[in-house]
Amino acid sequence: MKNFLWHAVRRLLFAMEPEKAHNLVICALNYGILGVRQQVTNKVLRLSVASIDFPNPLGMAAGFDKDAKISDAILKLGFGFVEIGTITPLPQKGNVQPRMFRLPQDQAIINRMGFNNAGYDVACKRLAAHRGDGRIIGINIGTNKDSSNRIADYVRGIEYCYHVSNYFALNVSSPNTLGLRSLQERDNLRLLLDEIFLVRDRKMDETGRFCPIFLKIAPDFTEKELDDIATEVLSSKLDGLIVANTTVLRTTGLAKKHKHAHESGGLSGVPLFQLSTTVLAKMRKRLGRKYPLIGVGGITNTETALEKIRAGADLLQLYSGLIYHGPNIAKDILEGFISTCYRDGVNNIAEYRDQHLEKWANKSMEL
C-alpha cells in the first residue's frame, strides 16, 4: 500500500475506537482488501534459529491474529513468520471494554484485552488446513482466567496443538490476567517447565517431530529476578526466550501528554523500546551467545529493528509498529536490512548481532 493511501486509511481507522478498528483491519486482510503480496527474499535475510529455517528474521507478534484467521495475509505483507494467539483451552471474552487505548503522540498502545480468543480448538482447526505448506506459524498459549490449574492449561496447549505448530510461546507475562506473572517466579517457573517438557518429549516420541518451545517474559524485572529466570531457563529444555511482553510502567512525561496514560494494562510501542532492548541485552549476557532470543518492543523501522539485533536478538517481532506505520512496515524494514548488509559488505543480517551488546546490557531498566 502506497504511503499516501495508508495515511488516508489511518485517519479513518484512528477516528474509530481502537478495538473496532483492529477488527476492521482483520476483516480487510482476510478478504485481501488491505495490502498486497510483498515478500522480500534475499540470502542475507535467511537464518536458522532453534532448528527452524526462517526466510527472514521479522515476525508478527502475538496479539494481532489471535485466532489464526489471517496468518496467510500477514505473511504476504513480508513477515517471515507469524505468532498467533494468545489462545487458551476454552473460549473466553476477555476483559470488559473499552480495553485498548492509543497514545498517538508516542506511537504507543495500552491494552488490557485479557486473552480474548475462541479457544484451542478453533485456532488449531484453522491451522490444520494449511499444515505442511511451508509457512512458519508459532502458537502463543496461555491460561483461562478462571482456571483451577494454570499449568495444566499450558500442558493441554502443547498436547492439543503440537501437530500444527512450528513453535510454541508460553505466555506467562501478560499483565492482564490476574496473577499470571507469578508463573515467572523461580519455583513456579520450574514446575511449569518440568510439566511442559514431559508432554513435549512424549509428543516428540509419538510424532517423530521436534517443536521448539519459547518462553515470553515481561520487561518489569530487577537484576536479581533476571538472574533467577536465567538460572531456570538454562537448567531446562527451553529452546529460546521472547523478550519482552508489554510493561506496566509509565513515565511522568507519558502521563502528561495522554489522557489514557493512566489506564491499566500493558504498554507497548515506541516507549517500550529502551526497556525491552535493555532487558534483551541483559538476558543475552546471562544466557550466552548460542541461546536463541526473539526481540520485541518498540520496533518501527530498519534502525530500531537493527538495533535489537545489535543488542542480542536473533529474531524480531512487532505489532504496534504496524498500527502506526501501516502494512508496508515489514517490507520497508527488510529492504533496509538488505541495503545495510550490501553497504557494509555483510553476508547475513545475523552478523550484526551483539555489536552493541555491552552498551545495552549496562543500561538501567527504565522507560
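Residues numbered from 1 in each chain as written. Predicted model: local features only at pLDDT ≥ 70, side-chain atom pairs only at ≥ 80, totals over all residues. Heavy atoms only, no water.

Novice: What is the right way to look at the packing of helix 9 (residues 273–287) against helix 10 (residues 302–310) in this model?
Specialist: Pairs of packed helices are described in terms of their axes, by the angle between the two and the distance that separates them. As a packed pair, helix 9 and helix 10 sit with axes 9 Å apart at the nearest point and diverge in direction by 25 degrees. The pairing of helix 9 with helix 10 is recorded here as roughly parallel in orientation. Each of F273, S276, T277 and L280 in helix 9 lies in contact with helix 10, whose residues at this interface are T304, E307 and K308. (Axes fitted to C-alpha atoms, helices over the stretch in contact; angles between N-to-C directions. Helix = DSSP H or I, 4+ residues; strand = E, 2+ residues; numbered from the N terminus. Parallel < 35°, antiparallel > 145°, perpendicular 65-115°, else oblique. Contact = heavy atoms within 4.5 Å.)

Novice: Help me out: how do you make sense of the sheet that holds strand 3 (residues 58–60) in this one?
Specialist: Backbone-to-backbone hydrogen bonds pair the strands of a sheet. The strands run either parallel or antiparallel. With parallel pairing, eight strands are arranged side by side around a closed barrel as 3-4-7-8-9-10-12-13. On average, each strand axis in the sheet is inclined to that of its neighbour by 25 degrees, with strand direction left out of account. As paired strands, strand 7 (residues 137–141) and strand 8 (residues 167–171) are joined by four bridges and run parallel to one another. Within the sheet, the bridge partner assigned to I141 lies in strand 8 and is L170. Across the sheet, helix 6 (residues 186–207) touches strand 8 and strand 9 (213–217), and the angle it forms with strand 9 is around 155 degrees. (Pairing = 2+ DSSP bridges.)

Novice: Where do I start with the pattern of salt bridges in this structure?
Specialist: The full count for this structure, using the stated rule, is 30 salt bridges. Linking E263 and R112 is a salt bridge whose minimum nitrogen-to-oxygen distance equals 2.9 Å. Of this pair, E263 sits in the loop between helix 8 (252–257) and strand 11 (266–269) while R112 sits in the loop between strand 6 (108–111) and helix 4 (120–128); the two residues are 151 residues apart in sequence, bridging distant segments of the chain. Measuring nitrogen to oxygen at the nearest pair gives 2.7 Å for the salt bridge that ties K282 to E223. With a gap of 59 residues between them, K282 in helix 9 and E223 in helix 7 (residues 223–234) connect regions that are remote in the sequence. On the basis of relative accessible area, K282 is assigned to the buried category, the value being 5%. According to the relative accessible area criterion, E223 is partly exposed, its value standing at 36%. Three or more residues are tied together by salt bridges with common partners; here these are R186, D187, R190, K224, D228 and E232. (Salt bridge = Lys/Arg side-chain N within 4 Å of Asp/Glu carboxyl O. Buried < 20%, exposed > 50% of the residue type's maximum accessible area, 1.4 Å probe, protein only.)

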